[in-house]
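Listed here are the chains, written in short residue letters.
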Amino acid sequence: MTINILLEKAICDTLKALFDFDLATSAVLLQPTRKEFDGSHTFVVFPYTKLSKVSPEETGKIIGEHLLQTVPQVASYNVVKGFLNFVIKDSFWINTLQDIVLDKTFGNHAANGQKVMVEYSSPNTNKPLHLGHLRNNFLGFSVANILQANGYEVIKANLVNDRGVHICKSMLAYQKFGNGETPESSGLKGDHLAGKYYVEFDKALKAQNATLETAGWSAEDIEKKNPMLLEAQDMLLKWEQGDKEVVDLWKKMNAWVYDGFNKTYKTMGVSFDKFYYESDTYLLGKEVVEEGLKSGVFFKKDNGSVWIDLTAEGLDEKLVLRGDGTSVYITQDMGTAELKYKEFGINKSVYVVGNEQDYHFVVLKHIMKKLGRPYADGIYHLSYGMVDLPSGKMKSREGTVVDADDLMQEMITTAGEHTAALGKIDDFTPEQAQQLYTTLGMGALKYFLLKVDPKKRMLFNPQESIEFQGHTGPFIQYTHARICAILRKAASMGHQDFTSLTFNINKLENCEKEVIIALSQFPDKIKEAGDEYAPSVIANYIFELAKDYNRFYNEVSVFNEPDQEVFMFRIAFSGAVASVIKKGMLLLGIDVPEKM
RNA sequence: GGACCUGUAGCUCAAUUGGAUAGAGCAUCUCACUACGGAUGAGAAGGUUAGGAGUUCGACUCUCUUCAGGUUCACCA
């Protein structure tokens with residue numbers, strides 16, 4: 001039983017004993033004590049002054065005194081205004097650390113028998129990945145890890161957007177201007193090659209529009225009847241009819257793109273268990289529409305189009321099938337949701353998709369609910385804000401993006417320069433050094449993107465935003481490496497295994513107690529991060545832990561400690577911190593080095 | 001115009017879900033090591049939480065309103 005549960009229960013018992021008041025343990029408001037006050041747990045007594053009929057201070061004293069008498073772990077209490085602070089005995093915290101050292105899976109929660117699918121990444125195959133995709137991929141991968149640590153069985157899925165008129169645009173431009181260029185002949189990564197022609201298309205289209213304008217075309221005609229645009233649409237039609245030439249080109253270019261994506265994913269450190277391709281799923285969902293028509297969830301308009309009325313939910317009428325019987329975006333998503341459920345029997349389905357689709361997912365969830373789907377309540381849109389640049393919005397059509405490959409390479413290079421200048425890894429082989437630079441550069445980038453609340457849009461300044469000091473990934477990685485240095489030295493002295501060690505000490509330094517308190521919160525933080533789909537909870541927690549440890553590091557010495565028992569305790573203690581830092585960072589998809 | 005999201009220190013972000021004097025990092029200024037790793041630690045300074053009203057013991061948090069920025073309201077995906 002954790003100290004929180006123990007205290008909560010004791011408080012309920014106390015309220016019952018003193019005031020004959022019944023309170024559920026879950027309703028007890030227990031919070032961490034602020035650092036400037038003495039104690040570790042705080043109970044807010046304001047709501048109970050009505051029961052005690054005395055001042056908040058008096059109420060706190062009465063409750064505090066009762067707990068002091070009945071709970072052996074409580075060393076003392078103090079009351080400030082209406083805040084009752086408990087000081088827990090050092091012996092309790094020493095035992096807590098002992099438990100943490102022994103628990104190999106500390107932080108993880110037991111399997112809960114639930115299955116969740118996390119769909120993320122979902123790239124278009126007409127252009128390379130950019131900064132926005134990095135946020136998406138890091139979020140998705142991390143949330144999948146966090147849910148797994150919470151006891152879910154997790155399936156990571158990638159729904160590849162490999163068809164549509166935008167894909168045809170790159171294909172068409174390649175056909176017109178490509179001259180048989182290949183990744184090999186151009187030296188370009190496959191996805192970058194496709195992206196090059198997507199930009200080419202846009203340029204050519206704009207040039208043609210200008211010509212048409214001078215030729216006296218109306219704006220509307222230019223918009224809708226531009227020959228190049230019509231050609232692209234015609235190409236899509238041919239693709240749907242299975243035209244061999246078009247399909248072959250599509251296959252060839254997509255293969256290039258996938259080859260490029262795989263390299264990018266590898267550098268990102270993300271992976272998937274299941275790929276869906278829109279070319280396979282874009283016709284799905286029509287049976288669902290049929291079913292909905294029969295059950296009266298949908299209705300048909302005169303021109304044959306099918307709709308759902310969501311005005312009662314405060315939304316609009318929404319089209320689910322065109323008049324000509326073809327699908328729209330939501331039709332497809334309905335079908336895909338159904339497919340995912342049939343294939344995996346998932347209880348929850350998380351969609352990591354940008355916030356410009358907030359409305360779409362609200363509608364999707366409503367529709368599935370109205371259709372009575374058992375998985376409808378489990379649909380969760382993990383919506384995240386755009387990543388802005390100082391120069392404004394990124395536009396992939398115009399090529400004004402921060403390319404994911406370029407950015408990652410730049411981070412790795414910068415990390416390398418930084419590390420080399422410090423000269424601490426002179427004994428590394430070139431391969432080891434390169435590996436380390438990747439760990440550090442990617443650590444900085446991932447941490448920067450994950451420490452922020454997903455739904456907030458964020459500003460990315462390439463020059464200033466990425467730091468290696470302060471509230472950053474490398475700061476945490478550094479703390480870990482520093483502890484590893486201690487552990488190495490201890491190991492060389494013959495101290496390696498602490499699982500059989502009993503801590504024979506009875507007093508803790510304040511800085512030690514703070515670290516143990518922080519450590520003990522790890523399981524709760526994992527739960528909170530899972531409940532809220534928020535890697536930022538873990539990111540900020542690990543930073544606090546690292547900071548607390550660094551204070552300990554500066555205040556007390558490990559190897560100069562004369563008392564052998566205390567010395568051994570501090571090594572085991574440091575090892576536990578390193579272990580939690582490592583686990584926490586891995587939940588974010590960030591590796592931690594032992595030397596840097 | 002309707003709906004939704006965001007607004008906190010010069011900058012980038014927190015705030016345990018309604019709790020104590022709103023906290024960190026960067027930048028600025030002061031300090032601390034013959035040490036176990038200075039990619040560190042301690043301190044100073046920096047705030048009318050966009051503005052206003054309300055709810056109550058108590059509001060960055062909830063309600064209303066004004067302002068600013070963004071997203072979305074396609075028989076596009």
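Every value quoted in this text rests on a predicted model; they were computed, and no experiment measured them.

A.B. asks: If you had to explain the overall build of chain A to someone new, which residues and values would you point to?
C.D. replies: A tally of helices and strands in chain A yields 22 helices and 14 strands. Within chain A, buried positions represent 51% of all 596 residues. For chain A, the computed accessible surface area is about 27,900 Å², with 51% contributed by carbon and sulfur atoms. Here chain A contributes 65 positively and 78 negatively charged side chains, and the mean placements of these two sets differ by 1 Å.

A.B. asks: Account for the protein's contact with RNA strand B, naming residues and giving values.
C.D. replies: Around RNA strand B, a shell composed of 67 residues is seen, among which K81, N303, R322, K424 and E532 lie nearest. Those atoms of RNA strand B that come within 4 Å of the protein belong to sugar or phosphate at a rate of 60%. A distance of 2.6 Å separates a sugar or linking oxygen of RNA strand B from a polar atom in the side chain of Y478. K547 is positioned with one of its side-chain polar atoms (N or O) 3.2 Å from a sugar or linking oxygen of RNA strand B. For the surface near RNA strand B, the secondary-structure elements that each account for two or more residues are β2 (41-44), β4 (83-88), α14 (329-344), α16 (404-422), β14 (458-459), α18 (473-492) and α21 (535-555). For the surface near RNA strand B, the leading source of residues is α18, giving nine residues.

A.B. asks: Tell me about α18, and please be specific about residues and values.
C.D. replies: Taking 1.5 Å of rise per residue, 20 residues should cover 28 Å, and α18 covers 29 Å from first to last C-alpha, within 8% of that figure. Taking the backbone nitrogen of F475 as reference, a side-chain oxygen 3.1 Å away marks T472 as the first, capping residue of α18. Of the residues trailing α18, G494 is marked for its positive phi of about 95°.

A.B. asks: Residue-level account of the pairing of strand β11 (residues 348-354), with values.
C.D. replies: Most of β11 is tucked away: six of the seven residues are buried. Examined bridge by bridge, strand β5 (residues 115-119) and β11 share four bridges and lie parallel to one another. Across the sheet, the residue bridging to V118 is V350, located in β11. Sheet analysis places β11 next to strand β12 (residues 379-384), joined by six bridges and oriented parallel. Within β12, the position partnered with V352 by the bridge is L382. In the classification by handedness, the crossover that spans β11, the intervening helix α15 (residues 358-370) and the parallel β12 is right-handed.

A.B. asks: Account for the sheet that holds strand β1 (residues 30-32), naming residues and giving values.
C.D. replies: Sheet architecture is open: four strands sit in the order β1-β2-β4-β3, paired in antiparallel fashion. Pairing within the sheet leaves two strands with one partner each, and these edge strands are β1 and β3 (74-80). Pairs of neighbouring strands in the sheet enclose a mean axial angle of 30°, with direction left out of account. Where β1 meets β2, three bridges bridge the pair, whose relative direction is antiparallel.

A.B. asks: Please provide a residue-by-residue account of a nonpolar patch on the surface, values included.
C.D. replies: On the surface, L18, V54 and I62 cluster together to form a nonpolar patch covering roughly 180 Å² of accessible area. Taking the relative accessible area as the measure of exposure, V54 reaches 34% and is therefore partly exposed.

A.B. asks: Go over the packing of aromatic side chains with me, naming the residues and quoting the values.
C.D. replies: Evaluated as defined, the whole model comprises 27 aromatic pairs. Through successive ring pairs, a cluster of aromatic residues spans Y120, Y258, F261, Y265, F272, F275 and Y277. Positioned above the aromatic ring of Y276, the side-chain terminus of K274 is 5.1 Å from the ring centre. One cation-aromatic arrangement involves K489 over F559; the distance from NZ or CZ to the ring centre is 4.6 Å.

About the cut-offs
Residues numbered from 1 in each chain as written. Chains lettered and ligands numbered in written order. Predicted model: local features only at pLDDT ≥ 70, side-chain atom pairs only at ≥ 80, totals over all residues. Heavy atoms only, no water. Helix = DSSP H or I, 4+ residues; strand = E, 2+ residues; numbered from the N terminus. Buried < 20%, exposed > 50% of the residue type's maximum accessible area, 1.4 Å probe, protein only. Areas by Shrake-Rupley, 256 points an atom, 1.4 Å probe, with all protein chains shown as cover. Lys, Arg positive; Asp, Glu negative; His and termini not counted. Charge placed at Lys NZ, Arg CZ, Asp CG, Glu CD. Near = heavy atom within 4 Å. Polar contact = N/O pair within 3.5 Å; in protein donor to acceptor, adjacent residues only side chain to side chain. Expected span 1.5 Å × (residues − 1). Pairing = 2+ DSSP bridges. Right-handed = clockwise from strand over helix to strand, strands pointing away. Axes fitted to C-alpha atoms, helices over the stretch in contact; angles between N-to-C directions. Patch = residues over 30% accessible without salt bridge, like charges linked within 9 Å, V, L, I, M, F, W, Y side chains within 5 Å. Salt bridge = Lys/Arg side-chain N within 4 Å of Asp/Glu carboxyl O. Phe/Tyr/Trp six-rings, centres within 6.5 Å; stacked < 30°, edge-to-face > 60°. Lys NZ or Arg CZ within 6 Å of the ring centre and 35° of its normal.

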